Amino acid sequence: DDLFSDLQRSRNTQIMASVMQLRLTDELREKQGATYSPSVSATHNATFPGWGYIGLSVEVPPDRLDQVAASVRQIAADLRDKPVTADELERARLPRIDQLEKARETNEYWLGALSGAQTDPRLLDATRSVTAGLQRVTAADVQKAARTFLSDDRSWTFEVRPEGK
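Here goes a summary of the coordinates provided. (Residues numbered from 1 in each chain as written. Predicted model: local features only at pLDDT ≥ 70, side-chain atom pairs only at ≥ 80, totals over all residues. Heavy atoms only, no water.)

By the secondary structure assignment, Gly 55 is in strand 2 (residues 52-57). Spatially, the C-alpha atoms of Gly 55 and Ala 42 are 6.4 Å apart, while their sequence positions differ by 13 residues. Apart from residues no more than four positions distant in its own chain, Gly 55 is found in contact with Ser 39, Val 40 and Ser 41. (Helix = DSSP H or I, 4+ residues; strand = E, 2+ residues; numbered from the N terminus. Contact = heavy atoms within 4.5 Å.)

Here it is, written out as structure tokens:
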């Protein structure tokens, strides 16, 4: 969804993406040794109503792609089926809040955060409330976001393989 259809849901989804990244790093890097740095992000558009996405990217050897895809689907299913632990929630939330606080010390952050605020004051409210919104996210919120956005029928996969693989 877009940013403004439900501001808190966008924060819930951001934390859900962070939890998913933690789990993918644990599974794909630590346990399987398939990749070093999987990436998960949640994007909520502030301009186009109803438009947003959760993106995941991972670079793996072609012969491990099916195994990795199965692991991603299993992690998504687990997020839908069971609440995250309090530890996972904090390990996802705290770095995001710390990163935000550090970014707020830079002009780059403020230029991006306030760009367009003169014509859309909702951006000011979103900027003011982001830290509190992230702190409010619960395990139940993460699970609800996963149930809403991580269903198999809402996902698609794009694979890039070397020629002949």
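Attention shifts here to the pattern of salt bridges. Scanning the entire structure with this criterion turns up 13 salt bridges. The salt bridge partner of Arg 9 is Asp 1, with a shortest N-O separation of 2.4 Å. Of the residues examined, Arg 9 reaches a relative accessible area of 27% and is grouped as partly exposed. You can call Asp 1 partly exposed: its relative accessible area is 28%. (Salt bridge = Lys/Arg side-chain N within 4 Å of Asp/Glu carboxyl O. Buried < 20%, exposed > 50% of the residue type's maximum accessible area, 1.4 Å probe, protein only.)

What follows deals with a nonpolar patch on the surface. On the surface, Phe 48, Trp 51 and Tyr 53 cluster together into a nonpolar patch covering about 360 Å² of accessible area. Structurally, Trp 51 is set in the loop between strand 1 (39-44) and strand 2. You can call Trp 51 partly exposed: its relative accessible area is 43%. (Patch = residues over 30% accessible without salt bridge, like charges linked within 9 Å, V, L, I, M, F, W, Y side chains within 5 Å. Areas by Shrake-Rupley, 256 points an atom, 1.4 Å probe, with all protein chains shown as cover.)

On to helix 1 (residues 7-31). Compared with the 36 Å implied by 1.5 Å per residue over 25 residues, the 35 Å span of helix 1 between its first and last C-alpha is a close match. Following helix 1 by one or two positions, Gly 33 adopts a phi angle in the positive range, close to 65°. (Expected span 1.5 Å × (residues − 1).)

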